[in-house]
Amino acid sequence: MTSRDPRGASADDLLPVGTPIDLENCAREPIHIPGSVQPRGVLAVVHEPDFTVRHVSANVEHLLGRAAVDVLGRHLSALIGDGQAASLIQAVSTFSDLRQRNPLECIVDVGGFRRVFDAILHRVPGGLLLVELEIAFGERPFSFPNTYQAVRVSVEELNRATSLAELYEVTVRAVRELTGFDRVMVYRYDEDYNGEVVAEAKVDGLNSFLGLHYPASDIPAQARALYEKNWLRLIDDVDYIPAPLLAAEEGPPLDLTHASLRSVSPIHVEYLQNMGVRASMSISLLRHGRLWGLIACHHYAGPHLPPYGARAAAEFLGSTLSLRLVDQDDGDQLRVRLAAQAVLGKLTAATLDDDEPLTAALLGAPDLLDLVPADGVVVNIGGDCEERGDVPTPDVVTAVVEWARGAGDEFATSQCLSEDLPETDIDPDVAAGALVVHLPEDQYAVWFRQEAVRSVDWGGDPHNKAIAVDEGDHVRISPRRSFDRWREVVRHRSMPWTANETESAEALRRHLVESLYRRTRETLRVAETLQRSLLPDSIPAVQDWRLSAHYEPAVGGRVGGDWYDAFRLPDGRLLVLLGDVAGHGIAAAGTMAQLRNVLRAHLFNGASPAEALERLNDFCVHMVRRPFATVIVVRVDPTTGLVEAASAGHLTPFLTDADRPAIPAPITLSPAIGFRGMRYAPSTFTLGPGQGLVMFSDGLIERRGATIDDGVARLETILRGADHVEASDLSVAMRTSDTDDDVTIVTLRRS
């Protein structure tokens, strides 16, 4: 299984141990298994429960006067003596959380002299115990009360601080007093892990780093991951010579993530040397377990080793600062979130009025710009497109919406539209960034922000952060050497969209989807009521003729523009009509009502089918907005079977006969309704005894993934040799699961 840190490369992507490291590959350096330690202390790896020494650092003879061969594979007592080993084993056996017990005082006989060491213990997977021995100095004995006493005044100052700036200032001043470093900074990450120095305490004469930014590549992802696990990192001398780890037997590299003595990357050492730093320390600042920033300490005068007690006190102060930062940030976020919820509540209440268009409700008072601050907003709902503030041209809005559909399922954000849509000419003075909320049926809301020109002061040029160094026959890519203030002017970018703003947009989308569903459901109910009210309650009964009709709305209740009609004229002739208006919903139903009534009036007044269609077309062109419909009209003389018919772009009916296959009826096809100056061809034929006519809308034969010809062929097969098929039975016979349109059928047969 591959383990993957969400902010770095997977474990399988790391370089093999021993690979030469330079700036090009340092992001893949396995820094948790360096195979060596810093020489200020001895690291021993002990196996529990037999407490045999499996690994020991090569400096064991220098610091403890023991040869490595006399220690490896033997009991811990060979390293620190019987009495000290017994005390350490007792502590390990008693306490499960060893971190709370660190350090244990350990007195070791070194060349006949009693020396005091701080023993720092940590358990690691595989039943191993890390035992780090550092020469003890500073106030003794070390204890938690002493740690708290050292920082109590600073903790009280942190608790009284009312702003982030105060929190930072108290912290850097206190950590510098505790540890004695020449410079102490609070280093804060942005969302891309670029860092900024937001507070600084330093000795006089040092140039200031306050306000400088550093690129994310200065601290690679795998290093940030270690900062989340091991909160304090000390390099007392950047010029140290690593002490390699020696092993009792061959085995996999040892994970030193939690070892305070762990050796550091040579690239990091070179980076510090290029800055003129001789010693450094960092303390992690965490927010809900994730790295938020660092307390970074630098020393320039020479090596610097603060006592363990001072380091522990500084770490305690860093943990306190983390808690206060979280508390302060959560409080600020809560106030912003409550204000946004108040605006969202008013907007939601406004959308409950179904008599007011949603665009009007969203752009009233308050409006969408009060919910998500921006320079302009465009809302397109239900065919109604409205805007507020400064927004780009409609073609740019369309391009942004199209880009956003491909960038996110429900919403998408951009701080730099010129990068995300390089082919689109966008004026950053109007729209440098956008937040797009997608709604059903290609509806949307888009906020736009103008360019926010700002200058960023970097610690050295971040775009030229590497230098090439000749090393014999090879060239090595090394960290930059210049850290002078380098100012970059950032253009074509808007202010970032915050997490609270995107949360507000998401919440608004949920409410709008619910409102659209509620309004659509009500509209569909009205449209269906209107449509069904226009269908005839009954169809005429004509002697020696069988007439049937069937209407079925689309799956999901989506109302379309189908209709049919059947009535007898005063002279006894029978009129049968079937039509289909383009579209769905109440608009289609309303248009259908107009067409049905106009056509019925002309036919009742004696117009022939072709004449009635011409008059209907003239009416639609002049009186109906963007009309488009197909209609077929049939007038039958029940006595003779003479049929007069005209078709305005409608599907040709089938002529049925019990003794023959079904064939298309001999009706000439003319253009659909809605085009100026159209003429409609009349057709006549006779239905003999046993013959019939099947009229239908496209919903009967159209299927997703199939052609109309496939549907026509299937219908023809069902009608082949049939004496008579009732309209409802035909609908059942043709029904499949992949239809999404309404279905209308009228059948007529002469006995």
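Everything below is about the structure printed above this text.
Residue indices follow the written sequence of each chain, beginning from 1 at its first position. It should be noted that, the model being predicted, local features are given only for residues of pLDDT at least 70 and side-chain atom pairs only at 80 or more, the latter also being counted only at that level, while totals for whole chains, interfaces and linings use all residues. Side-chain metrics in this entry use all non-hydrogen atoms of the structure; hydrogen atoms and water are not considered.

**Observations concerning the pattern of salt bridges**
Right, on to step 1. Throughout this description, the term salt bridge denotes a Lys or Arg side-chain nitrogen within 4 Å of a carboxyl oxygen of Asp or Glu. Inspection of the entire model under this criterion finds 24 salt bridges.
Right, on to step 2. A salt bridge links Glu503 to Arg337; the shortest N-O distance between them is 3.5 Å. Of the two residues, Glu503 sits in helix H13 (residues 499-534) while Arg337 sits in helix H8 (residues 308-351), which places them 166 residues apart along the sequence.
Right, on to step 3. The salt bridge partner of Arg493 is Glu419, with a shortest N-O separation of 3.9 Å. Residue Arg493 is located in the loop between strand E22 (485-490) and H13, and its partner Glu419 is located in helix H12 (residues 417-420); the two are separated by 74 residues in the primary sequence. Helix numbers and strand numbers start at the N terminus; a helix is a DSSP run of H or I with at least 4 residues, a strand a run of E with at least 2.

**Structural notes on the nonpolar core**
Right, on to step 1. Formed by 49 residues in total, the largest nonpolar core has its most connected members in Leu599, Leu613 and Leu616.
Right, on to step 2. Contact criterion: two residues are considered in contact whenever any of their non-hydrogen atoms come within 4.5 Å of each other. Leave out the neighbours within four places in its chain, and Leu613 touches Leu599, Val631, Val633, Ala646, Ser647, Ala648, Ile673 and Tyr680.
Right, on to step 3. Only buried residues count toward a nonpolar core, which is a set of Ala, Val, Leu, Ile, Met, Phe, Trp, Tyr and Cys residues joined through side-chain atoms within 4.5 Å. We call a residue buried when its accessible area falls under 20% of the maximum for its residue type, exposed when it is over 50%, and partly exposed in between, using a 1.4 Å probe and counting protein chains only. If you look at the next biggest cluster of nonpolar residues, it comprises 31 residues, including Val92, Phe117, Ala119 and Leu129.

**Let's talk about the sheet that holds strand E18 (residues 443-449)**
Right, on to step 1. Taken together, the 5 strands give an open sheet; going across it, the order is E15-E14-E18-E17-E16, and neighbouring strands pair in antiparallel fashion. Each edge of the sheet is formed by a strand with only one pairing partner; in this case those strands are strand E15 (384-389) and strand E16 (411-414). Taking each pair of neighbouring strands and ignoring which way they run, the sheet shows an average axis angle of 10°.
Right, on to step 2. Only C-alpha atoms enter the line fits that serve as axes; for helices the fit covers just the stretch in contact. Angles between N-to-C directions range over 0 to 180 degrees. Across the sheet, helix H11 (residues 394-407) is in contact with strand E14 (376-381), E16, strand E17 (433-439) and E18; its angle to E18 comes to roughly 110°. In this scheme, strands are said to pair when DSSP sees at least two bridges between them.

**Regarding helix H16 (residues 708-719)**
The α-helix winds at 3.6 residues per turn, so residues separated by three or four positions along the chain end up facing the same way.
Right, on to step 1. Helices are assigned an expected span. That span is 1.5 Å times one less than the residue count. Here H16 contains 12 residues, and its C-alpha end-to-end distance of 17 Å stays within 8% of the 16 Å for a straight helix at 1.5 Å per residue.
Right, on to step 2. By the burial criterion, the buried members of H16 are Gly711, Leu715 and Leu719. Down the axis, H16 shows its buried residues gathered within 70° of arc, on one side only.
Right, on to step 3. Residues of H16 that are buried in the fold lie against strand E28 (654-657), strand E29 (660-664), strand E32 (691-696) and helix H17 (727-734). Note that the arc is computed from the directions linking the helix axis to the C-beta atoms.

**Describing the packing of helix H5 (residues 164-179) against H8**
Right, on to step 1. Two numbers describe how H5 lies on H8: the axes approach to 9 Å, and their chain directions differ by 175°. The orientation of H5 relative to H8 falls into the category roughly antiparallel. Every residue of H8 that contacts H5 at Leu164, Leu167, Tyr168, Thr171, Ala174, Val175, Leu178 and Thr179 is listed here: Ala310, Ala313, Ala314, Leu317, Leu321, Arg324, Leu325 and Gln328.
Right, on to step 2. In the contact of H5 with H8, the residues fall into 12 nonpolar, 3 polar and 1 charged. Here the word oblique covers every angle except those under 35 degrees (roughly parallel), over 145 (roughly antiparallel) and from 65 to 115 (roughly perpendicular). Gly is put with the polar residues, along with every residue not named as nonpolar or charged; the nonpolar set is Ala, Val, Leu, Ile, Met, Phe, Trp, Tyr, Cys and Pro, and the charged set is Asp, Glu, Lys and Arg.

**Observations regarding the pairing of strand E26 (residues 629-636)**
Right, on to step 1. The buried fraction of E26 is high, at 8 of 8 residues.
Right, on to step 2. Residues Ala629, Val631, Val633 and Arg635 point to one face of E26 and Thr630, Ile632, Val634 and Val636 to the other, with burial holding for every one of them.
Right, on to step 3. Direction of pairing for strand E25 (residues 574-581) relative to E26: antiparallel, over a ladder of 8 bridges. Within E26, the residue paired with Gly579 across the bridge is Val631.

**Comments concerning the sheet that holds E28**
Right, on to step 1. The sheet built from 5 strands is open, its strands ordered E23-E33-E32-E28-E29 with antiparallel pairing. The outermost strands of the open sheet, each flanked by one partner alone, are strand E23 (545-552) and E29. Sheet twist, expressed as the mean angle between neighbouring strand axes with direction ignored, is 15°.
Right, on to step 2. Alignment of E23 against strand E33 (residues 743-750), held across 8 bridges, turns out to be antiparallel. Each residue of the ladder has a partner; that of His550, found in E33, is Ile745.
Right, on to step 3. Most of the contacts of H16 go to E28, to which it runs at about 20°, and overall it touches E28, E29 and E32.
Right, on to step 4. Along the sheet, H17 contacts E23, E32 and E33; its crossing angle with E23, the most-contacted strand, is approximately 45°.

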